[in-house]
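# Chains, contacts and geometry: an overview
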Amino acid sequence: MGKEESSFALLGRKIFFLNPLPPVQNEVVNELIQREYEAYVARDRTALRRSLKELPGSIIFIDIDQIVTEKEWENWIRELMKAEGLEDIRIGILTGNRSDLLQNKYANMLKLPGGYTMLHRDLKITIAQILNILNANNAKGRRKYLRANTGMEGQTVVNFPLGGQFLSGTVSDISSAGFSCVFNTDPGFSQNSSFSNVQIKLKHVIINVEAVILGSRPEGKDKMYVALFTERISPDTQIKIRKYIQVNIQARMDALIGKNA
């Protein structure tokens, strides 16, 4: 197993929906995020193409009914499949076209590893088909949770109840399983310390959770604390965290692709 292949097996693959219809973006992509897949929306095929060497192993679902003709999409896909350094990019088709000839071309002749998915009015069917494709391509790898790096932004803060007051810290990264943070003044939390009513502000969304300190590590002049949420975290709170993560990682991906626009 090569270095990149080993990385995909561990961390999974980035998933792109190129020019998706609004229902696909709003329901399919959101559902994948809620299932902890690293899914993105892309609108500029040229900028995405220029970025792919920085995104090895990505899976791209292309809506061939949008933007340009199907023949132009075919040419673009063939070029991408032959491009040096992009051998492990995996392409799939999304379409509302029920043509058997079209399906035969992409599924049987080009043998796209991302499959040929016909969009259904019932998007639950579409989601199930896409999940089968993602599982076949080991899209999640061994990673269980999506994680957002906040860049220590001031809008993502945590307040721990301590001695009748709240001790504020800055969140470094967060997943639906836990988070890491630093404090201006080291509180000296010990491993397995538990806290109820921990308040986390994710920009404009505030959540309240129970958390247990997993441990700490040096982080420059500071000490980074790692905390896990307890099993009492509500599904609604996890949904809010994943929605924050979705916005965070999409913005970072937009910035990366935007450099190549």
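Residues numbered from 1 in each chain as written. Predicted model: local features only at pLDDT ≥ 70, side-chain atom pairs only at ≥ 80, totals over all residues. Heavy atoms only, no water.

### Re the pattern of salt bridges
Condition: Salt bridges are counted wherever a side-chain nitrogen of Lys or Arg sits within 4 Å of a carboxyl oxygen of Asp or Glu. Numbering of helices and strands starts at the N terminus; helices are DSSP runs of H or I of at least 4 residues and strands are runs of E of at least 2. Each residue is placed in one exposure class: buried if its accessible area under a 1.4 Å probe, protein chains only, is under 20% of its type's maximum, exposed if it is over 50%, and partly exposed if it falls in between.
Enumeration according to the criterion identifies 14 salt bridges in this entry. The partner of Glu-74 in a salt bridge is Lys-105, and the shortest N-O contact between them spans 2.7 Å. Remark: Lys-105 occurs in helix α5 (residues 100-109) and Glu-74 occurs in helix α4 (residues 70-82); sequence separation between them is 31 residues. Accessibility assignment for this pair places Glu-74 and Lys-105 in one class, buried. Taken together, the salt bridges that share partners define one network made up of Glu-70, Lys-71, Glu-74, Arg-78 and Lys-105.

### Quick word on the side chain of Asn-19
The cut-off we apply is this: By definition in these notes, contact holds between two residues if any of their heavy atoms fall within 4.5 Å.
Mapped onto the elements, Asn-19 comes out in the loop between β1 (15-18) and α2 (22-34). If sequence neighbours within four positions are ignored, Asn-19 has contacts with Ala-42, Arg-43, Asp-63, Gln-66, Ile-67 and Trp-73.

### Remarks on the packing of α2 against helix α7 (residues 235-258)
Where we set the bar: Only the stretch in contact is used when fitting a helix axis, every axis being a line fitted to C-alpha atoms; angles between N-to-C directions are given from 0 to 180 degrees. Here the angle decides the label: under 35 degrees means roughly parallel, over 145 means roughly antiparallel, 65 to 115 means roughly perpendicular, and every other value means oblique. Take the far helix as your reference; a near helix turned counterclockwise from it by less than a right angle gives a left-handed crossing, and one turned clockwise gives a right-handed crossing. In this classification, Asp, Glu, Lys and Arg are treated as charged, Ala, Val, Leu, Ile, Met, Phe, Trp, Tyr, Cys and Pro as nonpolar, and every other residue, Gly included, as polar.
Packing of α2 against α7 brings their axes to within 9 Å, and their N-to-C directions diverge by 115°. With respect to their mutual orientation, α2 and α7 come out roughly perpendicular. As α2 runs across α7, the sense of the crossing is right-handed. Where α2 abuts α7, its residues Val-29, Asn-30, Ile-33 and Gln-34 lie against Gln-238, Ile-239, Arg-242, Lys-243, Gln-246 and Ile-249. Its residues assigned to classes, the contact of α2 with α7 comprises four nonpolar, four polar and two charged.

Without other data, these values stay purely geometric and don't point to any function.
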